[in-house]
Amino acid sequence: MKKLFKDILAIDGVTGILLFSHQGRVIFQELVLPCKENPEQRDWRSLTTVIKNVSEADFIYENSRIYIKNSAAGHIMVLMELFTPVAMVRLSCDMVVPALKKKAGGSKGFMNFFKWK
């Protein structure tokens, strides 16, 4: 999973990535800076309930920025510094979403009707 997010983590100013299931469970986390509290110990259900119908959101909080993108596997949360190029983060997340859909067992479309032996 870390391989999927390496391009996002390489963007200057990105300080971490969290991937939540739609039920609020942490599936993946990679934090560049140490965190006071382990993200897996938090209850993220209230956040995922609020953003369940939101495709993407961008928040500014104190001296940092949070970008959230919805995907088939869950919600991608990118933590970054205030002046991080958000367009690069958004583009990189858009590129990761199809790979997450495959990992989540998303539909294969028309080819799903055929069985391979």
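Cut-offs and rules
- Per-chain numbering applies: the sequence of each chain, read as written, is numbered from 1 onward.
- Reporting in this predicted model follows two pLDDT cut-offs: at least 70 for local features of residues, and 80 or more for side-chain atom pairs to be given and counted; totals over whole chains, interfaces and linings ignore these cut-offs and use all residues.
- Side-chain figures throughout are based on the complete set of non-hydrogen atoms in the structure, without hydrogens or water.
- In these notes, a set of buried Ala, Val, Leu, Ile, Met, Phe, Trp, Tyr and Cys residues joined through side-chain atoms within 4.5 Å is what counts as a nonpolar core.
- Here's how the labels work: a residue is buried when its accessible area is under 20% of the maximum for its type, exposed when over 50%, partly exposed in between, all with a 1.4 Å probe on protein chains only.
- The helix count covers DSSP runs of H or I at least four residues long, the strand count covers runs of E at least two residues long, and both are numbered beginning at the N terminus.
- In this description, contact between two residues means that some pair of their heavy atoms is separated by no more than 4.5 Å.
- Counting of polar contacts relies on pairs of N or O atoms within 3.5 Å, with two restrictions inside protein: one atom must be capable of donating a hydrogen and the other of accepting it, and residues adjacent in sequence are counted only when both atoms are side-chain atoms.
- The predictor reports its confidence for every residue as pLDDT, a score running from 0 up to 100.
- For two strands to be treated as a pair, DSSP must find at least two bridges joining them.

Section: the nonpolar core
Proteins that are soluble and globular tend to have nonpolar side chains buried together.
Here's step 1: Membership of the largest hydrophobic core comes to 19 residues, with the highest contact counts inside it found for F5, I8, I76, V78 and V89.
Here's step 2: Of all the secondary structure elements, the ones that give two or more residues to this core are helix 1 (2-9), strand 1 (14-20), strand 5 (75-81) and helix 3 (86-103).
Here's step 3: Of all the elements, helix 3 adds the most residues to this core, at 6 residues.
Here's step 4: Judged by nonpolar contacts, the second largest core, of 8 residues, contains V26, W44, I51 and I66.

Notes on unusual backbone geometry
Here's step 1: With a phi close to 50°, E62 is a non-glycine residue in the positive phi region.
Here's step 2: Topologically, E62 is positioned in the loop between strand 3 (56-61) and strand 4 (64-70).
Here's step 3: Of the residues examined, E62 reaches a relative accessible area of 65% and is grouped as exposed.

Thoughts on the environment of Y67
Here's step 1: Assignment of secondary structure puts Y67 in strand 4.
Here's step 2: Take Y67: its relative accessible area is 0%, and that puts it in the buried class.
Here's step 3: A sequence separation of 50 residues divides Y67 from I17, and the C-alpha atoms of the two residues are 9.6 Å apart.
Here's step 4: When residues no more than four places from it in sequence are discounted, the contact partners of Y67 are E56, A57, D58, I76, M77, V78, M80, V89, R90 and C93.
Here's step 5: Among the polar contacts listed, one links the side chain of Y67 to the side chain of E56, at a separation of 2.3 Å.

Examining the confidence of the model for the protein chain
Here's step 1: Mean pLDDT over the protein chain works out to 81, with 79% of the residues at or above the 70 mark.
Here's step 2: In this model residues 110-117 is a low-confidence stretch, pLDDT under 50, and it forms 1 contact with partners more than four residues away in sequence or in other chains.

Digging into the pairing of strand 5
Here's step 1: Within strand 5, 5 of the 7 residues are buried, leaving the element largely enclosed by the surrounding structure.
Here's step 2: The pairing of strand 1 with strand 5 spans 6 bridges and is antiparallel. What sits directly across from L19, in strand 5, is I76.
Here's step 3: One ladder, built from 7 bridges, connects strand 4 with strand 5; its direction is antiparallel. Of the residues in strand 5, the one forming a bridge with I66 is L79.

As for the environment of F5
Here's step 1: Turning to its location among the elements, F5 is positioned in helix 1.
Here's step 2: Given the relative accessible area of 0%, F5 is considered buried.

A few points about the side chain of S71
Here's step 1: In this fold, S71 is placed in the loop between strand 4 and strand 5.
Here's step 2: Using a relative accessible area of 7% as the deciding quantity, one classes S71 as buried.
Here's step 3: Every residue in contact with S71, bar those within four places of it in the chain, is listed here: H22, V97 and L100.

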